[in-house]
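Fold and geometry: a report
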Amino acid sequence: MATSPTPTKASHNGAPGQADAPAQDGLKAGLKNRHLSMIAIGGVIGAGLFVGSASGIAAAGPGILISYALVGAMVVFVMRMLGEMAAANPTSGSFSAYADRALGRWAGFSIGWLYWFFWVVVLAVEATAGAKILEGWIPAVPQWAWALIVMVLLTVTNLGSVSSYGEFEFWFAGIKVVAIGAFVVIGLLAVFGVLPGAHSDTAGISNLTSHGGFLPNGPGAILTGVLMVVFSFMGSEIVTLAAGESEDPRRAVTKATNSVIWRIGVFYLGSIFVVVSLLPWNSKEIADKGSYVAALDSIGIPHAGEIMNVIVLTAVLSCLNSGLYTASRMAFSLGQRGDAPRAFARVSKNGVPRIAILGSVVFGFVSVVFNYVWPDTVFKFLLNSSGAIALFVWLVICVTQLKMRGIILREMPEKLVVRMWLFPYLTWATIGMITFVLGYMLYDGGDNREQVLLSTLLGVIVVGVGLVLDRRRRAVKAAAGQ
C-alpha cells in the first residue's frame, strides 16, 4: 500500500511578506510573491524558444504555429492537473510526492529520480551553451573555464539561501519577459506597418500564406514541428516545486496555473506569429541568423545579433539557476521520503539543502566534463537517455491526477480550489496526446527514436529498482509485525 509522503508545506505563521519563515520540513519560506510570479512567467521561456524555433519554422513553415498551439494546449492541461494537486498540498517534491501517494512508493521514487537526472544533464547542456556565448565575447578565457565559472557562480547562489535563488531568477526571468514582450509589440507594429522608422518590404500577414501556403510541406509537417518544439516547454512545472518555500503556496500555485494560458499564448504563439509574419518562412536569413535575429534585422533594429546573444545568455543562466534549484529540491524530497540518502534531507541554518545541491551540481560538473571529453559517445548517451523524460513526467502527472482527485475529495475537499476541466475526459485525452507524441517519436526514427528507446530503458531500470526497494520495505514491515 502506498505511504503518504512527509508533508512539506511552508508555515504561514509569520507576517505576510516575511522572508525566511520556518517551514515544517526545515526549508524556509524565503520566496516572495514577486519571485513566484516571475518564476511562473519565466518558467515557460527557455533558451530553446530562442535558438530552436528556426528549425521548426523550416520544417513546418507558418504551420509551426499549429505545432506550438498543440504542444501549448497539452502543457496547459498538464499544468492544470498539477495545479489541482499542488494547490491542495504544496510540497517541494511536487508530482513525485503525489505519485508516491496515489500510485505507490515505486512511482514516486522512479519519476523523482528520472526528473533529477533530466535536470542535472540539462545543467551541462546549458553551461556549455552559455560558455560558447561568453567565449565569443572574451576569447582569452577558454570555453571550459566559462562553463566552470557559471556553474560555480550559480552553485554559490543556491547554497546561500532560497531567497538568493529567487532574487537571481526574478531578474533573469524579468529580462526574458521584457525582451519577448518588447519583441512581440515591436514586431506587431512592424507587421501592420505602423512602426516608426521601419522599412521592411517583406513584412505582412500575407507571409502566412503566400509562400507555398500555410502548410507548404503538408499537414504531416505539423507533427514534425511538434517533435521539434515540445521540449522547449519543459520547466513550466518548476513553480509547483518552488511554491513549498513561498509565503503563500496555495495562492502562488493557483495564480500560476490560471495564468499559464496567456503566458504560452503571448510568449510562444505571439512571438512565433511575429517571426513568420515579418519574413517568409523559407527566408535564408532565418536559417542563417536564427528566427529572432532575422526578424529584428528585417525591420532595421541595430545590433540585433548582440542583443539576442545577451537575451539567450540570460535564458541559459535562468535555466541553469532553476535547473540546479529543481534538481536539489527533488533530491531533498526523495531524501525525506527515504528514497535517497538521508543526507539529502538535511538543511543548513538558512533552510537550504546544501548536500542535495552539492550532490546535484557534482553530477552536473561531471556531465560538463563528458561533454568536452566524450561529446559523441558518453555525453550523447546521457543526453538521449534523458530526452523523453519530460514526456514521461507529464504522463505520470496525468495518471496521478486521475487518482489524486478522489483522495483530495475524500480527505480534504475544501482544498480542491483548482479543478481540472472536464475531469476525467480531458485528463484521458491529454494522456492520449502524450502517448501519441511518444509513439510518433518512435515512428519518426533517428535521434527521436533513440531518445525514446534510451529514456524508456533508463525508466525501466529505475522503476525496477523502485519496485525492488518497495518490496523490501513491505517485507521488513511484515517481519516487524506492522
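This write-up is about the structure you can find in this document. (Residues numbered from 1 in each chain as written. Predicted model: local features only at pLDDT ≥ 70, side-chain atom pairs only at ≥ 80, totals over all residues. Heavy atoms only, no water.)

1. Here's the deal with the overall build of the protein
Across its full length, the protein holds 18 helices and two strands. The globule rule puts the C-alpha radius of gyration for 482 residues at 23 Å, and the 22 Å found for the protein is close to it. Residues classed as buried in the protein amount to 57% of the 482 residues present. The long-range share in the protein, meaning contacts at least 24 apart out of those at least 6 apart in sequence, stands at 80%. The positive charge centre, built from 33 side chains, and the negative charge centre, built from 25, are 12 Å apart in the protein. (Helix = DSSP H or I, 4+ residues; strand = E, 2+ residues; numbered from the N terminus. Rg over C-alpha atoms; globule rule 2.2 N^0.38 Å. Buried < 20%, exposed > 50% of the residue type's maximum accessible area, 1.4 Å probe, protein only. Contact = heavy atoms within 4.5 Å. Lys, Arg positive; Asp, Glu negative; His and termini not counted. Charge placed at Lys NZ, Arg CZ, Asp CG, Glu CD.)

2. A few points about the packing of helix α1 (residues 33-42) against helix α7 (residues 162-191)
Two elements in contact, α1 and α7, have axes separated by 8 Å at closest approach and are oriented at 45 degrees. The orientation of α1 relative to α7 falls into the category oblique. Crossing hand, α1 versus α7: left-handed. Between α1 and α7, the contacting residues are R34, H35, M38, I39, I41 and G42 on the first element and S163, Y165, G166, E167, E169, F170, A173, G174, K176 and V177 on the second. Classifying every residue of the contact of α1 with α7 by side-chain character gives seven nonpolar, five polar and four charged. (Axes fitted to C-alpha atoms, helices over the stretch in contact; angles between N-to-C directions. Parallel < 35°, antiparallel > 145°, perpendicular 65-115°, else oblique. Left-handed = near helix turned anticlockwise from the far one by under 90°. Nonpolar A, V, L, I, M, F, W, Y, C, P; charged D, E, K, R; others polar.)

3. A look at α7
In a regular helix each residue adds 1.5 Å, so 30 residues correspond to 44 Å; α7 covers 42 Å between its end C-alpha atoms and thus fits that length. Within two residues after α7, G193 carries a phi angle of roughly 70 degrees, on the positive side. (Expected span 1.5 Å × (residues − 1).)

4. Digging into the packing of aromatic side chains
Enumeration according to the criterion identifies 18 aromatic pairs in this entry. When the ring of F170 is compared with that of W171, the centres are 5.2 Å apart and the planes differ by 90 degrees; the resulting orientation is edge-to-face. Take F170: its relative accessible area is 15%, and that puts it in the buried class. Look at F370 and W374: their rings are 5.7 Å apart centre to centre, the planes differ by 45 degrees, and that puts the pair in the tilted class. (Phe/Tyr/Trp six-rings, centres within 6.5 Å; stacked < 30°, edge-to-face > 60°.)

5. Some points on the layout of surface pockets
What the second largest pocket holds in volume is close to 280 Å³. Surrounding the second largest pocket, 14 residues form its lining, W106, I111, F392, V396 and V463 being those nearest its centre. Mapped onto the lining of the second largest pocket, the elements with two or more residues apiece are α5 (105-137), α16 (389-411) and α18 (446-479). Looking at the lining of the second largest pocket, the element that brings in the most residues is α5, giving five residues. Considered class by class, the residues forming the lining of the second largest pocket number eleven nonpolar, three polar and no charged. (1 Å grid on protein atoms, 1.4 Å probe; cavity = no way out; pocket = protein on both sides within 12 Å on 5 of 7 lines; lining within 4 Å. Points joined across faces, edges and corners; volume = space filled by probe spheres on them.)

6. A word on unusual backbone geometry
Residues other than glycine predominantly adopt negative phi, and peptide bonds predominantly adopt the trans conformation. A cis amide bond, omega 0 degrees, links F423 with the succeeding residue P424. Mapped onto the elements of the fold, P424 is located in the loop between α16 and α17 (425-444). Its identity is not glycine, yet H303 carries a phi of approximately 55 degrees, on the positive side. Along the chain, the position of H303 falls in the loop between α12 (291-298) and α13 (304-336). Among the residues examined, H303 registers a relative accessible area of 58% and is labelled exposed.

These figures capture arrangement, not role.
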